[in-house]
Amino acid sequence: MNNERIVRGEELENEADFSEERRFFLKQSVAMAGLSFLPVPFVTAAGGGDSSPGNPEPVKVTLTVNGTRHRLAIDVRTTLLDLLREQLALTGTKKGCDFGQCGACTVHVDGQRTLACLSFAIMQQSKKVHTIESLAKNGSLHPLQQAFIKHDGFQCGYCTPGQIMSGVSCIREKKAGSAEEIQEYMSGNLCRCGAYPNIVNAIMEVKNSGSQV
Ligand code: FES
Ligand code: FES
């Protein structure tokens, strides 16, 4: 897909801009890595101007989300989760703990299951991100979304986007051979409503159906 969207008026005019963007990104990353070993007072004194810890200069990042390419200017501290929800309005990905412990924020980055709350957006440069919004096609739900409905795999639904994104990875990575294997793979996705048995049944059914996931 060749869609492209510019956000916050930070359009990069041409390839020269992209080269400049890459150089800036690399310098920023090296600087951050180095500064992380310094005591806070030293970092504050060395920063100066807008690059003080409380007001860092925006950095540019280009990434593809659900097939649409985005060029963004972001605070270097922005997580992928906050970028998705607050800058791209993709609120299907949920913020539960914001601490890497509940799985509500699970997305796919370059096909790998990823916790968006533990991933800095700047680290997703040139990567392909897929969220729960990417699963339904042409008005039809993904087979695992249909199975969650059929098997009553949710109550409040807050954990469900993360459960489904993890469930898709579980099947794709061939980790859905048994209920025990699914439980182990899905153990990072918590459900306060306790829908676990139904979630396992939904994943098992889709895996056994041989549906394309
Ligand atoms: S919000 Fe990311 S793991 Fe809980
Ligand atoms: S359905 Fe409510 S937390 Fe899982």
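These numbers were taken from a predicted model, which means no experiment stands behind them.

Novice: Lay out the nonpolar core in plain terms, naming residues and giving numbers.
Specialist: If you look at the biggest cluster of nonpolar residues, it comprises 45 residues, and the most contacted ones within it are A116, L144, I182 and I203. At the level of secondary structure, the elements contributing two or more residues to this core comprise β2 (59-65), β3 (68-74), α3 (80-87), α4 (143-150), α5 (160-172), α6 (179-185) and α7 (196-209). Counting residues per element, this core draws most heavily on α7, which supplies 6 residues. When we break this core down by domain, the ones giving at least three residues each are domain 1 (3-134) and domain 2 (143-208). Setting aside residues no more than four positions away along its own chain, I203 makes contact with L144, G167, C170, I171, A176 and I182.

Novice: Please set out α5 residue by residue, giving values where relevant.
Specialist: Taking 1.5 Å as the rise per residue, α5 with 13 residues should run 18 Å; its terminal C-alpha atoms sit 18 Å apart, in good agreement. Most of α5 sits out of view: 12 of its 13 residues are buried. Among all positions of α5, only T160, P161, G162, Q163, I164, M165, S166, G167, V168, S169, C170 and I171 are buried. On its buried face, α5 sits against β4 (106-109), β5 (112-115), α4, α6 and α7. Taken from the residues just after α5, K174 is the one with a positive phi, measuring 55°.

Novice: Describe in detail unusual backbone geometry, supporting the description with residues and values.
Specialist: Unlike most non-glycine residues, S126 shows phi in positive territory, near 70°. Among the secondary structure elements, S126 is positioned in the loop between β5 and β6 (128-130).

Novice: Any chance you could break down the environment of R113 for me, citing the residues and the numbers?
Specialist: Turning to its location among the elements, R113 is positioned in strand β5. Residue class for R113 comes out buried when judged on the 20 C-beta atoms lying within 10 Å of it. Each C-alpha atom of the pair R113 and S166 lies 6.6 Å from the other, and the pair is 53 residues apart in sequence. Excluding residues that lie within four positions of it along the chain, R113 makes contacts with T106, H108, M165, S166 and S169.

Reading guide: rules and limits
Residues numbered from 1 in each chain as written. Chains lettered and ligands numbered in written order. Predicted model: local features only at pLDDT ≥ 70, side-chain atom pairs only at ≥ 80, totals over all residues. Core = buried A, V, L, I, M, F, W, Y, C linked by C-beta atoms within 7 Å. Buried ≥ 20, exposed ≤ 12 C-beta atoms within 10 Å, placed from the backbone. Helix = DSSP H or I, 4+ residues; strand = E, 2+ residues; numbered from the N terminus. Domains from an automatic or database assignment. Contact = placed C-beta atoms within 7 Å. Expected span 1.5 Å × (residues − 1).

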